[in-house]
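# Structural overview
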Amino acid sequence: KDWNGIDEVVVLRNPKGASVRVSLHGGQVMSWRNDRGEELLFTSSKAMIFKSPKAKAMRGGISVCFPQFGKCGSLEQHGFARNRVWAIDHNPPPPPNPNPNDSTSLGKSFIDLILKPAQEDRPHGFELRLRVSLALDGNLTLISRIRNIKNAKPFSFSFAYHTHLSVSDISEVRIEGLETLDYLDNLCQGERFTEQGDAITFESEVDRVYLSSSQCVAVLDHEKKRTYIMRKQGLPDVVVWNPWEKKSRLMTDFGDEEYKQMLCVDGAAIEKSITLKPGEEWTGRMELAAVPSSFCCDN
Ligand code: TA6
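Residues numbered from 1 in each chain as written. Predicted model: local features only at pLDDT ≥ 70, side-chain atom pairs only at ≥ 80, totals over all residues.

As annotated in an unreviewed UniProt entry, the protein chain carries the name glucose-6-phosphate 1-epimerase and comes from Penstemon smallii. Note on the protein chain: under the UniProt heading Catalytic activity (unreviewed entry), the record states "alpha-D-glucose 6-phosphate = beta-D-glucose 6-phosphate". (UniProt positions renumbered as here; feature names shortened; annotations may be inferred.)

In structure tokens, the structure reads:
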């Protein structure tokens, strides 16, 4: 059972001992461990004891934000997808433009999930498919395919993989690959600024949406001598969030000091919403690797 009492948690394993746990609640990735058994995603120690409201997404892991990111819209924060029970998709259709070099399923352990709209949902005519896969090298890939079913109305949405990385000490972490980009600062009512050239480091609360980034972003954790590499397609934006001390104390499902061990870096499509006409499909792909030494994106 997961934190909401949902029975089905799917565990993916590779032959080297890496593993991924995916909950049918929200299609949320709850855990990603390397072949040494080290947890690479952050989960709050208070997430499991937080029971109200019952359908809430767990504080941690990777959750799917759809069809809205944040509070910009008429829905609950980050949309309803992360609060719903998804189904296993036993027979997903092939992707519309299969890439012959894409080994999404080759040699990988994977699970396909699907979320269909409830009666009251707006937009109503969507199908949201999520493939979570674990490769032989331990890389974790999430591929979402959103379809506007035939005879439905056109609709628009925002999307994010709300990704909580486990870090040794936030003060020792830096992000490379977002230098010189424009960003929207949620701490300043979404005002637009330009990053001034250096790698991003942390000494206070950060809540930003970096716009139109390149495909690769690196998160360097000096103390752990670990670098997370995020490669993404269809997801131009990158959310960077750490609540720091004061906001941590206000969150009931988050420990007062846990901000030191967590950094959210989300592959996202936020600034320009995606519009699908009937029959059209969109794909958003995010691949995460955790490598032992420092690494530079070849952007
Ligand atoms: O990732 C940025 C953000 O939108 C922040 O503003 C912050 O509120 C965070 O997400 C957490 O959202 P949640 O709804 O999961 O508490």
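### Considerations on the overall build of the protein chain
The secondary structure content of the protein chain amounts to one helix and 18 strands. Taken against the 2.2 N^0.38 rule, which gives 19 Å for 299 residues, the C-alpha radius of gyration of the protein chain at 18 Å falls within 12% of a compact globule. For the protein chain, the spread of C-alpha atoms along the principal axes amounts to about 50 × 45 × 40 Å. Each of the 299 residues in the protein chain was classed as buried or not, and the buried ones make up 39%. (Helix = DSSP H or I, 4+ residues; strand = E, 2+ residues; numbered from the N terminus. Rg over C-alpha atoms; globule rule 2.2 N^0.38 Å. Buried ≥ 20, exposed ≤ 12 C-beta atoms within 10 Å, placed from the backbone.)

### Description of the pairing of strand E6 (residues 109-115)
Walk down a regular strand and you will see the side chains alternate between the two sheet faces. Across two bridges, the pairing between strand E5 (residues 87-88) and E6 is antiparallel. Looking across to E6, one finds that Ala 87 is bridged to Ile 114. In this sheet, strand E7 (residues 126-134) lies alongside E6 in antiparallel orientation, the contact comprising seven bridges. Bridge pairing in E7 places Ile 114 opposite Arg 129. (Pairing = 2+ DSSP bridges.)

### Overview of the site of the ligand
The local shell around the ligand consists of Gly 70, Gln 77, His 78, Asn 186, Asp 207, Val 239, Trp 241 and Cys 264. A per-class count over the shell around the ligand returns three nonpolar, four polar and one charged. (Near = placed C-beta within 6 Å. Nonpolar A, V, L, I, M, F, W, Y, C, P; charged D, E, K, R; others polar.)

### Observations concerning the environment of Arg 231
For Arg 231, the location among the structural elements is in strand E15 (residues 226-233). By C-beta crowding, Arg 231 is classed as partly exposed, having 19 other C-beta atoms within 10 Å. Apart from the residues within four sequence positions on either side, Arg 231 is in contact with Gln 215, Cys 216 and Glu 287. (Contact = placed C-beta atoms within 7 Å.)

### Points about the sheet that holds E5
A sheet is described by the order of its strands in space; here eight strands give the open sequence E5-E6-E7-E8-E18-E15-E14-E10, paired in antiparallel fashion. Across the chains shown, the open sheet's two edge strands, defined by having one partner strand only, are E5 and strand E10 (173-176).

### Some thoughts on the pairing of strand E12 (residues 191-194)
Two elements, strand E11 (residues 182-185) and E12, share four bridges in a ladder whose sense is antiparallel. Residue pairing in the sheet places Asp 182 in a bridge with Thr 194 of E12. In this structure, the hairpin formed by E11 and E12 is closed by a connection of five residues, where Gln 189 is found at a positive phi of approximately 50 degrees.

### A closer look at the UniProt feature "binding site: substrate" (unreviewed entry) in the protein chain
Feature annotation in UniProt places "binding site: substrate" (unreviewed entry) on Arg 59, Gln 77 and Arg 82, given in this structure's numbering. Look at the named residues: they lie 24 residues apart in sequence, but the longest C-alpha span between them is just 13.4 Å, so in the fold they bunch up. The residue Arg 59 is located in the loop between strand E3 (29-33) and strand E4 (62-65) in this model. The contacts of Arg 59, once residues within four sequence positions are left out, are Ser 44, Ala 47, Asp 253 and Phe 254. Given 14 C-beta atoms within 10 Å, Gln 77 falls into the partly exposed group. The residues contacting Gln 77, other than those within four sequence positions of it, are Gly 70 and Lys 71.

### What about the nonpolar core?
Judged by nonpolar contacts, the single largest core of 70 residues is most densely connected at Val 219, Val 240, Val 265 and Ala 268. Among the elements that take part in this core, strand E17 (residues 262-276) stands out by supplying seven residues, more than any other. Leave out the neighbours within four places in its chain, and Val 219 touches Leu 165, Val 173, Ile 175, Thr 227, Tyr 228, Leu 263 and Val 265. (Core = buried A, V, L, I, M, F, W, Y, C linked by C-beta atoms within 7 Å.)

### Brief notes about unusual backbone geometry
For residues besides glycine, phi is generally negative; the peptide bonds are generally trans as well. For the peptide bond that leads from Phe 66 to Pro 67, omega is 0 degrees, which places it in the cis range. Relative to the elements of secondary structure, Pro 67 occurs in the loop between E4 and E5. With an omega of 0 degrees, the peptide bond running from Arg 122 to Pro 123 counts as cis. Considering the arrangement of structural elements, one finds Pro 123 in the loop between E6 and E7. With phi around 65 degrees, His 78 is a residue other than glycine that occupies positive phi space. Looking at the secondary structure, you find His 78 in the loop between E4 and E5. The buried category is assigned to His 78, around which 23 C-beta atoms lie within 10 Å. Look at Thr 180: it is not a glycine, yet its phi comes out positive at around 70 degrees. For Thr 180, a count of 9 C-beta atoms within 10 Å corresponds to the exposed category.

### Some points on the confidence of the model for the protein chain
Residues at a pLDDT of 70 or more form 90% of the protein chain, whose mean pLDDT is 90. Here the complex is predicted with pTM 0.94, and the ipTM for its interfaces comes to 0.96. (pLDDT = per-residue confidence, 0-100.)

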